[in-house]
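Summary of structural features
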Amino acid sequence: MTTQVLPADDNALALAARLLAEGKLVAFPTETVYGLGANALDAQAAMGIFAAKGRPADNPLIAHIHDGSQLELLCDVPPIAEKLMNAFWPGPLTLIMPRRPGVPDAVTAGLDTVAVRMPSHPVAMALLKAVNLPIAAPSANRSGKPSPTAARHVLDDMDGRIPLIIDGGSCDVGLESTVLDVCHGRPCILRPGGITRDMLESVVGPVDVAGSVLRPLQEGETALSPGMRYRHYSPDGQVTLVEGGESDVVPALVQLYRHAEDNGHRACVMCFTEHVPALAGCRPHDIGSKDRPEEVAQRLFDTLRRLDDEHMDVIFSEVVPAEGVGLAVMNRLGRAAAFRSIRARDVLEQAR
Ligand code: AMP
Ligand code: MG
């Protein structure tokens, strides 16, 4: 199959809507990351997503809608969900709600709940309106790779596997949506994203955060969100997070880089814009300003993909505080590093 990449004009959207209505797959931009779409009411079409991504069948998909009237095809709406929709839709918030019988098992991975979101990206909205079906769309990467935040990333992963990619430029948020369970008592963040805990709490009061957000799942623990179970967001090289105060982290990164290079590795550092000059000799990859976690979110996946393009095998990264959007950044960065981290202070003391 040849994969066309078309700019997001009227002709491309009409073609995309036709392909989706025929049960084919189309990748399209959203404000979070690029999605790989299929008709959410067509089991065969949804199964095509799993094949194209190499996604495990027990990891459910998110259904995307453009209008509240489509909810009745998919789910029951708890009162608390209604409040959240009014506050944050369209936008990067996915709600887990009780499913209706019309939703194929392929979409929900057999769960009795379904994930639903209304995206705010104008191209996603125009496409959803044109096709007028709920569209199941997980991130348009091969399973295990960082999510795509540009059409080029989608092509790298999906060339020859899907007929069409709509190019709408790079994604604003850069991390996948916040996934919030609203059907098991107090709302619980299963995956942090651009809509932060504080924003949610300002609308519905106390919100929990799933324990596995900032650590690996433990033996025997069930994943509330099946996607959290898998190796995710990983570049091919080994990432280590370096924690501590600024005055320790920068010299520690220099030490770690030199040590890795001396041992024959192709090494680099991921650092804040402010530290690029001090780390000029360590192949610095600029992750954005230390004062702007949204910028770090926006750049993270592109940076992780670049590490593979450049065949880096040892990578040392700075971290952001795990609050606000920083919680979503650290959830992804933690997984990219398989939760491997060291303290800058320890590195410096060992070198003495
Ligand atoms: P992706 O669209 O690739 O970002 O993945 C969708 C995410 O939503 C995965 O982490 C899924 O595990 C999660 N998800 C989808 N449906 C459900 C559900 N019914 N219950 C819990 N998590 C879900
Ligand atoms: Mg994904």
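The model shown is predicted, which means the values in this text are computed figures rather than measured ones.

All chains considered together, the criterion is met by 17 salt bridges. A cluster of three or more residues bridged by salt bridges with shared partners is formed by Lys145, Asp236 and Asp308.

So, on to the packing of helix α1 (residues 10-21) against helix α5 (residues 122-131). Look at α1 against α5: their axes get within 9 Å of each other, and the N-to-C directions meet at 55 degrees. Between α1 and α5, the crossing angle belongs to the class labelled oblique. α5 is crossed by α1, and the crossing has right-handed handedness. Here α1 contributes Leu13, Ala16, Ala17, Leu20 and Ala21 to the contact with α5, which in turn contributes Val123, Ala126, Leu127, Ala130 and Val131. Grouping the constituent residues of the contact of α1 with α5 by class yields ten nonpolar, no polar and no charged.

Our focus in this paragraph is helix α9 (residues 293-309). The end-to-end C-alpha distance of α9 is 24 Å, a good match for the 24 Å that 17 residues give at a rise of 1.5 Å each. Of all the bends in α9, the greatest measures close to 40 degrees and is centred on Arg299. Restricting attention to buried positions, one finds in α9 the residues Glu295, Val296, Ala297, Leu300, Phe301, Asp302, Thr303, Leu304, Arg305, Leu307 and Asp308. Summarising the contacts, the buried residues of α9 are in contact with α6 (151-158), β13 (267-271), β14 (284-286), β15 (314-317) and α10 (325-336). Backbone geometry just after α9 places His311 at a positive phi near 55 degrees.

In this section: the sheet that holds strand β5 (residues 93-98). In space, the eleven strands of this open sheet follow the order β1-β8-β2-β3-β7-β4-β6-β5-β9-β10-β11, with mixed pairing throughout. Here the strands that pair on one side only, and so sit at the sheet edges, are β1 (4-7) and β11 (208-209). In terms of strand pairing, strand β3 (residues 35-39) meets strand β7 (residues 135-136) through two bridges, oriented antiparallel. Paired with Asn39 across the bridge in β7 is Ile135.

Thresholds applied
Residues numbered from 1 in each chain as written. Chains lettered and ligands numbered in written order. Predicted model: local features only at pLDDT ≥ 70, side-chain atom pairs only at ≥ 80, totals over all residues. Heavy atoms only, no water. Salt bridge = Lys/Arg side-chain N within 4 Å of Asp/Glu carboxyl O. Axes fitted to C-alpha atoms, helices over the stretch in contact; angles between N-to-C directions. Helix = DSSP H or I, 4+ residues; strand = E, 2+ residues; numbered from the N terminus. Parallel < 35°, antiparallel > 145°, perpendicular 65-115°, else oblique. Left-handed = near helix turned anticlockwise from the far one by under 90°. Contact = heavy atoms within 4.5 Å. Nonpolar A, V, L, I, M, F, W, Y, C, P; charged D, E, K, R; others polar. Expected span 1.5 Å × (residues − 1). Bend = angle between axes of the 7 residues up to and from the residue. Buried < 20%, exposed > 50% of the residue type's maximum accessible area, 1.4 Å probe, protein only. Pairing = 2+ DSSP bridges.

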